Amino acid sequence: MNRFIPRVLLAPAMVTLFLWMIVPLVMSIYFSVIRFNLLQPDQTGFIGLENFEYFVTDPSFGAAVTNTLLLLGSVIVLTVGVGILLALLVDAPFPGRNIVRILLISPFFVMPTVNALLWKHMMMNPIYGVLAQVWIFFGATPVDWLTDWPLWSVILIVTWQWLPFATLIFITALQSMDREQLEASRMDGATYLQQLRYLYIPHLGRSMAVVVMIEMIFLLSVFAEIYTTTGGGPGDASTNVAFLIFKQALLNFDAGVASAGALFAVVLANIAGIFLIRMVGKNLDK
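Throughout what follows, the structure given in this document is the object of discussion. (Residues numbered from 1 in each chain as written. Predicted model: local features only at pLDDT ≥ 70, side-chain atom pairs only at ≥ 80, totals over all residues. Heavy atoms only, no water.)

1. Observations regarding the pattern of salt bridges
Right, so step 1: Going through the model one piece at a time under the given rule, you end up with two salt bridges.
Right, so step 2: Where R35 meets E50, a salt bridge forms, and the shortest distance between an N and an O atom there is 4.0 Å. On the criterion of sequence distance, the pair formed by R35 in the loop between α1 (4–32) and α2 (50–56) and E50 in helix α2 is long-range, its members being 15 residues apart.
Right, so step 3: Relative accessible area serves as the criterion here: at 32%, R35 is assigned to the partly exposed category.
Right, so step 4: Residue classification places E50 among the partly exposed positions, given a relative accessible area of 43%.
Right, so step 5: The partner of K247 in a salt bridge is D236, with the nearest N and O atoms 3.4 Å apart. Separated by 11 residues along the polypeptide, K247 in helix α13 (residues 241–251) and D236 in the loop between α12 (224–229) and α13 bring together distant segments of the chain.
Right, so step 6: A relative accessible area of 18% means that K247 is categorised as buried. (Salt bridge = Lys/Arg side-chain N within 4 Å of Asp/Glu carboxyl O. Helix = DSSP H or I, 4+ residues; strand = E, 2+ residues; numbered from the N terminus. Buried < 20%, exposed > 50% of the residue type's maximum accessible area, 1.4 Å probe, protein only.)

2. Observations concerning α13
Right, so step 1: In terms of burial, α13 is largely enclosed, as eight of its 11 residues are buried.
Right, so step 2: Here α13 has its buried residues at V241, A242, F243, L244, I245, F246, K247 and Q248.

3. Some thoughts on the packing of helix α3 (residues 61–89) against helix α8 (residues 150–174)
Right, so step 1: Direction vectors running N to C along α3 and α8 enclose 40°, while the axes themselves pass 7 Å from each other. By the angle between their directions, the pair α3 and α8 is classed as oblique. In this structure, α3 crosses over α8, and the sense of that crossing is right-handed.
Right, so step 2: Of the residues belonging to the contact of α3 with α8, the class tally is 21 nonpolar, six polar and no charged. (Axes fitted to C-alpha atoms, helices over the stretch in contact; angles between N-to-C directions. Parallel < 35°, antiparallel > 145°, perpendicular 65-115°, else oblique. Left-handed = near helix turned anticlockwise from the far one by under 90°. Nonpolar A, V, L, I, M, F, W, Y, C, P; charged D, E, K, R; others polar.)

4. What to know about the side chain of T68
Right, so step 1: Assignment of secondary structure puts T68 in helix α3.
Right, so step 2: Of the polar contacts made by the side chain of T68, one reaches the backbone oxygen of A64; its length is 2.7 Å.
Right, so step 3: A distance of 2.9 Å separates a polar side-chain atom of T68 from the backbone nitrogen of V241. (Polar contact = N/O pair within 3.5 Å; in protein donor to acceptor, adjacent residues only side chain to side chain.)

5. Quick notes on the side chain of D58
Right, so step 1: Within the secondary structure, D58 sits in the loop between α2 and α3.
Right, so step 2: In this structure, D58 is buried with no salt-bridge partner, the nearest side chain bearing the opposite charge being K247 at 6.2 Å.
Right, so step 3: Sequence-distant contacts of D58, that is, excluding residues within four places in its chain, are made with L244 and Q248. (Lys, Arg positive; Asp, Glu negative; His and termini not counted. Contact = heavy atoms within 4.5 Å.)

6. Concerning the packing of aromatic side chains
Right, so step 1: Under the counting rule described, the total for this entry stands at 18 aromatic pairs.
Right, so step 2: Where W135 meets W145, the ring centres are 5.8 Å apart and the plane angle is 85°; that geometry is what we call edge-to-face. Placement of the pair is W135 in helix α6 (residues 130–137) and W145 in helix α7 (residues 145–148), with a sequence separation of 10 residues.
Right, so step 3: With relative accessibility at 27%, the residue W135 sits in the partly exposed group.
Right, so step 4: Ring plane angle 80° and centroid distance 5.5 Å describe the contact between Y227 and F246, whose orientation is recorded as edge-to-face. With Y227 in helix α12 and F246 in helix α13, this residue pair connects regions lying 19 residues apart in the sequence.
Right, so step 5: The class of F246 is buried, set by a relative accessible area of 15%.
Right, so step 6: Ring pairs connect the aromatic residues F108, F109, W162, F165 and F218, which therefore count as one cluster. (Phe/Tyr/Trp six-rings, centres within 6.5 Å; stacked < 30°, edge-to-face > 60°.)

7. Describing the environment of I201
Right, so step 1: Inspection of the secondary structure puts I201 in helix α10 (residues 192–203).
Right, so step 2: Between the C-alpha atoms of I201 and S74, which are 127 residues apart in sequence, the distance is 20 Å.

8. Let's talk about the nonpolar core
Right, so step 1: In this structure, L71, I76, V80, V158, F170, L174 and L219 are the most contacted members of the largest nonpolar core, which totals 36 residues.
Right, so step 2: Among the elements of the structure, α3, α8, α10, α11 (205–219), α13 and α14 (255–285) are those that each provide at least two residues to this core.
Right, so step 3: The greatest single-element share of this core, amounting to 11 residues, is contributed by α8.
Right, so step 4: The residues touching V158, leaving out its near neighbours within four places in the chain, are V75, L219, V222 and E225.
Right, so step 5: By size, the runner-up hydrophobic cluster in this structure holds nine residues, among which are F61, V65, L244 and A258. (Core = buried A, V, L, I, M, F, W, Y, C linked by side-chain atoms within 4.5 Å.)

Keep in mind these values describe shape, not function.
Okay, structure coming up:
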């Protein structure tokens, strides 16, 4: 009875959560193996793996996968590297430290679409944007970021959005460092770089694993920033897998191919998840 009652009480929540997960997955699998184009409602029927073949042979597929991996890796490297640097800078006491910490964290609460609009019109506009004015001040020609460097512009926008999250995690982790150990290392003549290598970085290992895991899960589905700024272009220069699925679903009205693309994204996320779980597990065992 001690085991039965808790299971009965948990059953409604577990069943609801299971249905919430399994119903969309089953529907995606079903639509991925049938012909279902909204522009041709009369042409239906089972077609096997043709939707998957059509999706992976799309001329934009290779560029989308490459851009997804490049965006994912670049944002993670930048947020982890700069996040550790910022966390170390605000770790030492100084006047107004709490205000600075709040300002560092605040961009994370900006919605992705608003974030993209801010960068598109206020920062990266080649005529009146802040970056253009800086270029003009130094006598240089302003750069049309979203046209000349579309993918790197998206990477910069997404990095600015996720940097506060990484910084917050690292600031929290630094609060648990052994201050006596740091003081002992200073008395033994250790330089700051030696402390950084042998004390700070090892201590932040678990936090880094958590940041990488969470960011990878969410960055695989970056969409709003691309849709709002570059629209996946010019050409396929900033198209990722999520945006390619959108184009198949809403621009081509092909729900079957879009479902096949969604399942491909699920497989890609699970492959990344396997490596992440192993990485986090190794860090937790240390």
